[in-house]
Amino acid sequence: MVANVITERLALAGLDPGTVDVAPLAAFLSLMAKWNRHINLTALPVDPPSVEAVDRLIVEPVLASRLVEQPPRAILDIGSGGGSPAIPFRLQFPTASLTMVESRSKKCAFLREAVRSLEMTGSRVLEARFEDVRDAAGPKADFVTVRAVRLDEVAFGVIQALAAPDALVLRFTSDHAGPADETHGLRLLSERPLLASTRSSIQLFHVEH
């Protein structure tokens, strides 16, 4: 069962599975596997899910949520793709709202179905290029999550427009922060490894308004 694999991988990552609601995470991964047969949500094997897929798509966002000192109220994810890290991360904070920005229609359809089936109240999907949503209505985000999005001047402009003062940015990466990241209004606060199996890390930035 998918839930058993997730539980095992969470434990190997040093988390107490008893502190994580595994059921919605398993439901998300199963839904992704179903949709991935028809549209390209991820290149990782998800039907059945490989260890790498579970670690990357599920365990990493859960681990990252444990590094958050104050629970977020409003989360913004740009370039949401197949929904990870945004959805597994948001599932750790049930009272938070979530805005996902994705430009590809088929992936937006999947994200909306995930929001519906997982009953993620306060979550929405904006079908647009992230650089085109600076005027989007909605709550200002106090947390922004990004993966596979370059934190350049364009991305910073979007984050600055949609984020609240003193917002934090969580960047999932397999690389190290370069000095260029800090020249676009994002101040690197910390960088921590997540999983040795995926050679991943999490970078925490403060948005300089």
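The structure this text deals with has already been given above.
Quantities reported herein were computed from a predicted structural model and do not represent experimental measurements. (Residues numbered from 1 in each chain as written. Predicted model: local features only at pLDDT ≥ 70, side-chain atom pairs only at ≥ 80, totals over all residues. Heavy atoms only, no water.)

Draft legend 1. Region of the structure containing the overall build of the protein chain. From N to C terminus, the protein chain includes six helices and seven strands. Against the 2.2 N^0.38 benchmark of 17 Å for 209 residues, the protein chain shows a C-alpha radius of gyration of 16 Å, consistent with a compact globule. Put simply, the protein chain has 209 residues, and 53% of those count as buried. Look at the contacts in the protein chain between residues 6 or more apart in sequence, and 65% of them connect residues 24 or more apart. (Helix = DSSP H or I, 4+ residues; strand = E, 2+ residues; numbered from the N terminus. Rg over C-alpha atoms; globule rule 2.2 N^0.38 Å. Buried < 20%, exposed > 50% of the residue type's maximum accessible area, 1.4 Å probe, protein only. Contact = heavy atoms within 4.5 Å.)

Draft legend 2. Region of the structure containing the packing of helix α1 (residues 2–12) against helix α2 (residues 22–36). Here α1 crosses α2 at 120°, and the two axes come no closer than 9 Å. Viewed along their axes, α1 and α2 adopt a mutual orientation that is oblique. At the point where α1 passes α2, the crossing takes the right-handed sense. Contacts between α1 and α2 involve Val2, Ala3, Ile6, Thr7 and Leu10 from the first element and Val22, Leu25, Ala26, Leu29 and Ser30 from the second. In terms of residue class, the contact of α1 with α2 is built from eight nonpolar, two polar and no charged. (Axes fitted to C-alpha atoms, helices over the stretch in contact; angles between N-to-C directions. Parallel < 35°, antiparallel > 145°, perpendicular 65-115°, else oblique. Left-handed = near helix turned anticlockwise from the far one by under 90°. Nonpolar A, V, L, I, M, F, W, Y, C, P; charged D, E, K, R; others polar.)

Draft legend 3. Expanded view of the sheet that holds strand β5 (residues 163–173). Read across the sheet, seven strands follow the order β3-β2-β1-β4-β5-β7-β6 without closing on themselves; strand pairing throughout is mixed. The open sheet has two edge strands, β3 (123–127) and β6 (186–193), and neither has a second partner. Between one strand and the next, the sheet's axes are offset by a mean angle of 20°, whatever the strand orientation. The pairing of strand β1 (residues 74–78) with strand β2 (residues 97–102) spans five bridges and is parallel. What sits directly across from Ile78, in β2, is Val101. With respect to the sheet, helix α5 (residues 105–117) is in contact with β2 and β3, its orientation differing from that of β3 by roughly 170°. (Pairing = 2+ DSSP bridges.)

Draft legend 4. Structural detail: the environment of Ile6. On the secondary structure map, Ile6 appears in helix α1. In the structure, Ile6 is positioned eleven residues away from Pro17 in sequence and 8.8 Å away in space, judged by C-alpha atoms. The residues contacting Ile6, other than those within four sequence positions of it, are Val22, Leu25, Ala26, Leu29, Val54 and Ile58.

Draft legend 5. Representation of the nonpolar core in the model. Ranked by size, the top nonpolar core spans 48 residues in total, and within it Ile6 and Ile87 carry the most contacts. Among the secondary structure elements, those contributing two or more residues to this core are α1, α2, α3 (51–65), α4 (86–90), β2, α5 and β5. Setting aside residues no more than four positions away along its own chain, Ile87 makes contact with Phe28, Met100, Leu111, Ala114, Leu118 and Met120. If you look at the next biggest cluster of nonpolar residues, it comprises 22 residues, including Val101, Val144, Val169 and Leu186. (Core = buried A, V, L, I, M, F, W, Y, C linked by side-chain atoms within 4.5 Å.)

Draft legend 6. A look at the pattern of salt bridges. Summed over the entire model, instances satisfying the criterion amount to nine salt bridges. Among the ionic pairs, Asp47 bridges to Arg37, the shortest N-O distance being 2.9 Å. Taken together, the residues span a long stretch of sequence, with Asp47 in the loop between α2 and α3 and Arg37 in the loop between α2 and α3 at a distance of ten residues. Given the relative accessible area of 56%, Arg37 is considered exposed. Here Glu60 and Arg147 are joined by a salt bridge, their closest N and O atoms 2.6 Å apart. Of this pair, Glu60 sits in helix α3 while Arg147 sits in strand β4 (residues 141–147), and the two are 87 residues apart along the sequence. Summarising the burial analysis for this pair, Glu60 and Arg147 share the class buried. (Salt bridge = Lys/Arg side-chain N within 4 Å of Asp/Glu carboxyl O.)

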